[in-house]
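Summary of the model geometry
This is what each chain is made of:
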Amino acid sequence: MKHFLTTEDLDRNTIEELLDEADGFAEVLTRPIPKVPALRGKTIATMFFEPSTRTKMSFDKAAKALSADTVSFSPGTSALSKGESLKDTALTIRAMGVDLMVVRHKATGAAWRLADWLDIPIVNGGDGAHQHPTQALLDCQTIRQRFGSLEGLEIAIVGDIKHSRVARSNVFAMATLGAKVTLVGPPTLLPVDVGSWPVTTTADLDGVLPNIDVVYLLRVQTERGGASVFPSFAEYAERFGMSDRRFSALKPDAVVLHPGPMNRGVEISHDVADDDRALILEQVSNGVATRMAVLFRLLGREHHA
Amino acid sequence: MHDLILLNGSVLTSEGLRRTSVAIAGDRIAAIGDDLGDSKEAITCDGMWIGPALVDIHTHLREPGHEWKEDIASGSRAAAAGGYGAVVAMPNTDPPIDAGHLARFVRDRGIDVGLVDVFSSGCISLARRGATMSHFDDLWNSGVRIFTDDGDSVKDTALLRAAMEYVASLGGVVSQHAVDPDLSAAGFMHEGSVSSRLGMYGIPSQADDITIARDITLAEMTGVHYHVQHLSTASGVELVRSAKNRGVRITAEVSPHHLTFDHTAVASTDANFKVMPPLREPTDRTALIEGLSDGTIDAVATDHAPHAALEKEVPFEEAPNGMLGLEWAASVAIGVAGLDQERFFDRMSIRPASIAALEHHGRPLAARDHATLVVVNPSEVWKPATTASKSRNAPYLGMQMTGRVHMTMLRGEVTHVVGS
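Residues numbered from 1 in each chain as written. Chains lettered and ligands numbered in written order. Predicted model: local features only at pLDDT ≥ 70, side-chain atom pairs only at ≥ 80, totals over all residues. Heavy atoms only, no water.

A short note on the overall build of chain B
For chain B, the count of helices and strands is 13 helices and 18 strands. For 420 residues, the compact-globule estimate of 2.2 N^0.38 gives 22 Å, and the C-alpha radius of gyration of chain B, at 20 Å, lies within 12% of that figure. Dimensions of chain B, computed from C-alpha atoms along their principal axes, come out at roughly 65 × 45 × 45 Å. Across the 420 residues that make up chain B, the buried fraction comes to 62%. Surface summary for chain B: the accessible area is close to 14500 Å², and the carbon and sulfur share equals 49%. Charge separation in chain B, taken as the distance between the mean sites of 35 positive and 54 negative side-chain charges, equals 1 Å. (Helix = DSSP H or I, 4+ residues; strand = E, 2+ residues; numbered from the N terminus. Rg over C-alpha atoms; globule rule 2.2 N^0.38 Å. Buried < 20%, exposed > 50% of the residue type's maximum accessible area, 1.4 Å probe, protein only. Areas by Shrake-Rupley, 256 points an atom, 1.4 Å probe, with all protein chains shown as cover. Lys, Arg positive; Asp, Glu negative; His and termini not counted. Charge placed at Lys NZ, Arg CZ, Asp CG, Glu CD.)

Focus: the pairing of strand 7 (residues 84–89) of chain B
Residues and elements named next belong to chain B. Along strand 7, six of the six residues are buried, which leaves the element largely enclosed by surrounding structure. As defined by bridge partners, strand 6 (residues 54–59) adjoins strand 7 across four bridges and the pair is classed as parallel. The partner of Asp56 across the bridge, within strand 7, is Val87. The handedness of the strand 6 to strand 7 crossover, carried by helix 1 (residues 72–81), is right-handed. Sheet topology note: the strand 7/strand 8 (residues 117–120) ladder contains four bridges and is parallel. Across the sheet, residue Ala89 finds its bridge partner in strand 8, namely Ser120. (Pairing = 2+ DSSP bridges. Right-handed = clockwise from strand over helix to strand, strands pointing away.)

Some remarks on the sheet that holds strand 4 (residues 122–127) of chain A
Residues and elements named next belong to chain A. Spatially, 2-1-3-4 is the arrangement adopted by the four strands of the open sheet, whose pairing is parallel. If you trace the sheet from one side to the other, it starts and ends with strand 2 (69–73) and strand 4, each paired once. Averaged over all neighbouring strand pairs, the angle between strand axes comes to 15 degrees, with direction disregarded. Bridge count between strand 3 (residues 100–105) and strand 4: four bridges; the pairing is parallel. Opposite Val102, over in strand 4, you have Val123 as the bridge partner. (Axes fitted to C-alpha atoms, helices over the stretch in contact; angles between N-to-C directions.)

Here's the deal with the nonpolar core
Residues and elements named next belong to chain B. Of all hydrophobic cores here, the largest spans 86 residues; its most connected members are Tyr226, Val228, Leu231, Leu259, Phe344 and Met348. Broken down by element, the residue count for this core peaks at six residues, all from helix 4 (residues 157–170). Here this core gathers at least three residues from each of two domains, domain 1 (4–49 + 368–417) and domain 2 (50–355). Those residues within four positions of Met348 in sequence are excluded, and the remaining contacts are Leu54, Val55, Tyr84, Val300, Ala329, Ala330 and Ala333. (Core = buried A, V, L, I, M, F, W, Y, C linked by side-chain atoms within 4.5 Å. Domains from an automatic or database assignment. Contact = heavy atoms within 4.5 Å.)

Looking at the interface of chain A and chain B
Contacts between chain A and chain B engage 24 residues on the former and 20 residues on the latter. With both sides pooled, the region where chain A packs onto chain B buries about 1800 Å², and carbon together with sulfur makes up 48% of that total. Per-residue buried area on chain A facing chain B is highest for A:Thr108, A:Arg113 and A:Val192; these three make up 29% of the total on that side. Linking chain A with chain B are three salt bridges. A salt bridge links A:Glu8 to B:Arg197, with the shortest nitrogen-to-oxygen separation between them at 2.7 Å. Connecting chain A to chain B are 11 residue pairs in polar contact (both at pLDDT 80 or more). (Buried area = accessible area lost by both parts, 1.4 Å probe. Salt bridge = Lys/Arg side-chain N within 4 Å of Asp/Glu carboxyl O. Polar contact = N/O pair within 3.5 Å; in protein donor to acceptor, adjacent residues only side chain to side chain.)

A few points about the packing of helix 1 (residues 12–28) of chain A against helix 5 (residues 133–147) of chain A
Residue and element names in this part refer to chain A. Closest axis-to-axis distance for the helix 1/helix 5 pair is 10 Å, and the angle between their directions is 70 degrees. What the angle tells us is that helix 1 and helix 5 run roughly perpendicular. Contacts between helix 1 and helix 5 involve Ile15, Glu16, Leu18, Leu19, Asp20, Ala22 and Asp23 on the former and, on the latter, Leu137, Cys140, Gln141, Arg144 and Gln145. Per-class residue counts for the contact of helix 1 with helix 5 are six nonpolar, two polar and four charged. (Parallel < 35°, antiparallel > 145°, perpendicular 65-115°, else oblique. Nonpolar A, V, L, I, M, F, W, Y, C, P; charged D, E, K, R; others polar.)

Considerations on the sheet that holds strand 6 of chain B
Residues and elements named next belong to chain B. Strand order in the open sheet made by the three strands is 6-7-8, with parallel pairing throughout. Each edge of the sheet is formed by a strand with only one pairing partner; in this case those strands are strand 6 and strand 8. Geometrically, the sheet is characterised by an average inter-axis angle of 20 degrees between neighbouring strands, direction not taken into account.

Here's the deal with helix 3 (residues 86–95) of chain A
Residues and elements named next belong to chain A. Turning to helix 3, its buried residues are Leu86, Lys87, Thr89, Ala90 and Ile93. Buried positions in helix 3, seen along its axis, are confined to an arc of 165 degrees and lie on one side of it. In the core, the buried residues of helix 3 are packed alongside strand 1 (43–48), strand 2, strand 3 and helix 4 (110–117). Two residues or fewer after helix 3 comes Gly97, characterised by a positive phi angle close to 95 degrees. (Arc of directions from axis to C-beta.)

Examining the domain arrangement of chain B
Residue and element names in this part refer to chain B. We note that the domain assignment places domain 1 (4–49 + 368–417) and domain 2 (50–355) within chain B. A C-alpha centroid distance of 26 Å is found between domain 1 and domain 2. Of the roughly 3400 Å² buried where domain 1 meets domain 2, counting both sides, 66% is carbon and sulfur surface. On the domain 1 side of the interface with domain 2, the three residues burying the most area are Trp49, Asn393 and Tyr396, jointly 23% of the side's total. At the junction of domain 1 with domain 2, the criterion picks out 23 residue pairs in polar contact (both at pLDDT 80 or more).

Spelled out as structure tokens, the structure:
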């Protein structure tokens, strides 16, 4: 593996190896000194051209737990605001002696452009509404910890699928690991022409919930791309929100995930968000270990042998 | 003594296709026939097509105002290399061509360069703002025959109606960039399976169709000659076909890139595939080829749209729309669309010249006419490696193509020859 850009082309074996590696790193993170020297001397740049709190901090923490040095970039304070192009910015930072870049960008394919221009591994930290593959890894890790395996699990991803890189990444990772994925949302938030995706789609949340093991809720906004996508938050919550009533109708061992940040009271009720079967904080914790696994896989192999 | 004889080619003459020779003396065709006497030079043209130089009714030469992308000199070189004797420059320059002196500037720069006859189109709306009419009479008196806000669709239906009525009275053409601005506002590519995978905002095919359907209604109402630019959808071809069958004064063009590529090319997120209207479904591409072949689509028009490397070396969504086309349109028409010689010259020269009302272009070869012609090798397989354009935004570079322009001549002057 040269880069980590998308879940679409990952095979089951690769994902499982990464998750196994992440289990090991999760143990490291519980030690009194939660650090290993695996990437000592390496420099990792986090290039976030779009605002992010959790993903940027999570990569930063993962790099440091592997003893890598980190440099970071944020557009507000960079030469980008002086009109420098993405390519020149990337080449400049590469020239400082960076060994790997994590990139987040609002445009689809930005990480692929960097992979074309540079000679170092690129990790996609989210490109537009396209892919966010480390998010999918941490989600699968969270589900695997709870159920042992994703094989045969019924997973519903609910909400704004159309504009969600989280959904796109998870669909392919979850299906590759053997889960049956259903996409649920209003017609305006379901992507067109998903014939090539390993999913079924529906607008009837209550119809599918009784069989579901994992409900994956997505953050919603009333407006996308300048167009109105549903009437109001209240109407959305009524039809697609994980209310207390819906939560109580789930199978007893079913769990709820959310990539954050949450709109409490819209896609998830206040009480459900704080329930033990809502694994939202586990997802965040697992983010560090899974990102360690990805960084180690791309940079650490030569030292590991 | 003739200056040059093109020996034994397949020649499109005013009497139809002939296997014969063409003699050139000075700026004229001296004779067409089999026994033409002495000449300073002769070129053997076995297997070659010879006919009127090509005419492009949709070219972005970028001058004035965007000379870092292209100028009239570099664009003229690209046009000559592509077999063209005449191009119609689009008016979305800076300033936009909305008055006569600007159109005359473009034409005069073309004359200075001297490689291809450059005609200017003119804006429909003043400054391309879509609000009020541009200076139609002034533009007309400066030689403008095609009126368009290309790059933008005229959204205001009342303005478009008025422009059509006015241009109809002059005898000109209203040429529409037919993409609904609301349905396409947020989009970057065709809305379909590829946009869904990429999570990119899509532009549905209906964005084109709605505008074409509205405009056909207005064209029937006003009687204007209405021209649809760069058709991209099968349903758009069908709208044009049925309007033609009803007798509406409508013509249509297709770009080389819509004939060659479809939306699956965008999966690479290579910004060179970002065009407007977007590359659509494989079935649309097939319908465009059929429409071109059966004559529903009148012309291949390049929509040659140079953009500098720094503008295209960005994420897809941030790149400007357009790709180069002048140098490879003939190859696409032959190798991809499969046009035979008669259709090739009809769609690449004769009909485009007629749409743009270019008197001295697009005429089957005849003795005593200007020697403005092209020699094409329809079976040469080649891979373009360079371009005469200032820009390089062309997926054709490095692609294997069939059919190649061998020589271009403008009024007896060789403006391009392979190997030079």
